[in-house]
Amino acid sequence: MFNSITKRSFGFNLLVVVGIFAVLGLLFFLLLGVITKHGDTLTVPDVYKKNIQEATMILEKEGFSVDVRDSIYVDSLPGLAVWEQTPARGSVVKVGRTIYLTINKVIPPMVQMPDLTGLTFRSAEMTLHSLRLNVGDTIYKPDFATNTVLQQLLNGKTVKPGRDIPEGSNITLVLSSGTGNTENPAPDLVGLTFLEAKETLSASNLGLGTVIIDPSVSDTANAFVTKQTPPRRNALNELNMVRAGETIDIWLSATRPTKDSGVAPAAPVTTEQPE
């Protein structure tokens, strides 16, 4: 055969080679539709919120391949449930197409609690959402800085910044409602311990302002209030009035102050003389 090929002219052999490639090319294009399953399409089913095992079984039964490409944590979904699918449900794709799934994690990741104190509600909300935390209840409390965060709570307890908490946790925000319109007499804090004074202020919807501590104090919680601003009474022995949300400054000492036990003089009583 080699001799018969070599004895033929170069042009003839070239035509033979071209003919062979032409036949192979024709066969390839004729079989291309079969190889690529051209025209064979399927509609992607909806596997959103289905367990990964159930979703895989549904997709493979329809003729798709399945690949889990990512995971995320969503507190409203059960663990291992499908959160996202690509291509999306209802898409018309070729048979055998790979469907990529994003599933929900079983154990929520931990994130550090941010410090929201002093932020506006909007800023606090954006900060929580950026860390995949949720805004829970909002509680309003009188304070001069309107609509700012006074406290951050988790499960009813104060949560400190930097503490690790589960992603998706609901954070309750205590917000300032501003100062009240009604004036009430300033409470008398002189003689109370620091803890008692804080409780009294809280019960009166008043804030604790500046705390000045005497060098002799070794136990702040049990130190005594020796002075407050504004005081209970002014220089004319009249009650000082304060509004809810305002603050009172206090001075602390290790020694309980001696309070004046005297009673403020009563206002004179006038009687009308009969005509």
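The structure under discussion appears in the preceding block.
Residues numbered from 1 in each chain as written. Predicted model: local features only at pLDDT ≥ 70, side-chain atom pairs only at ≥ 80, totals over all residues. Heavy atoms only, no water.

What about the sheet that holds strand β14 (residues 224-229)?
- The sheet built from 3 strands is open, its strands ordered β13-β16-β14 with mixed pairing. Every interior strand has two partners, whereas the edge strands, β13 (207-213) and β14, have only one. Here the strands of the sheet are splayed against their neighbours by 30° on average, with no regard to which way each runs.
- Alignment of β14 against strand β16 (residues 247-253), held across 5 bridges, turns out to be antiparallel. Counted as the bridge partner of K227 is W251 from β16. (Pairing = 2+ DSSP bridges. Helix = DSSP H or I, 4+ residues; strand = E, 2+ residues; numbered from the N terminus. Axes fitted to C-alpha atoms, helices over the stretch in contact; angles between N-to-C directions.)

Comments concerning the pattern of salt bridges
- For the structure shown, the criterion picks out 6 salt bridges.
- Here R243 and E246 are joined by a salt bridge, their closest N and O atoms 3.7 Å apart.
- Given the relative accessible area of 30%, R243 is considered partly exposed.
- On the basis of relative accessible area, E246 is assigned to the partly exposed category, the value being 27%. (Salt bridge = Lys/Arg side-chain N within 4 Å of Asp/Glu carboxyl O. Buried < 20%, exposed > 50% of the residue type's maximum accessible area, 1.4 Å probe, protein only.)

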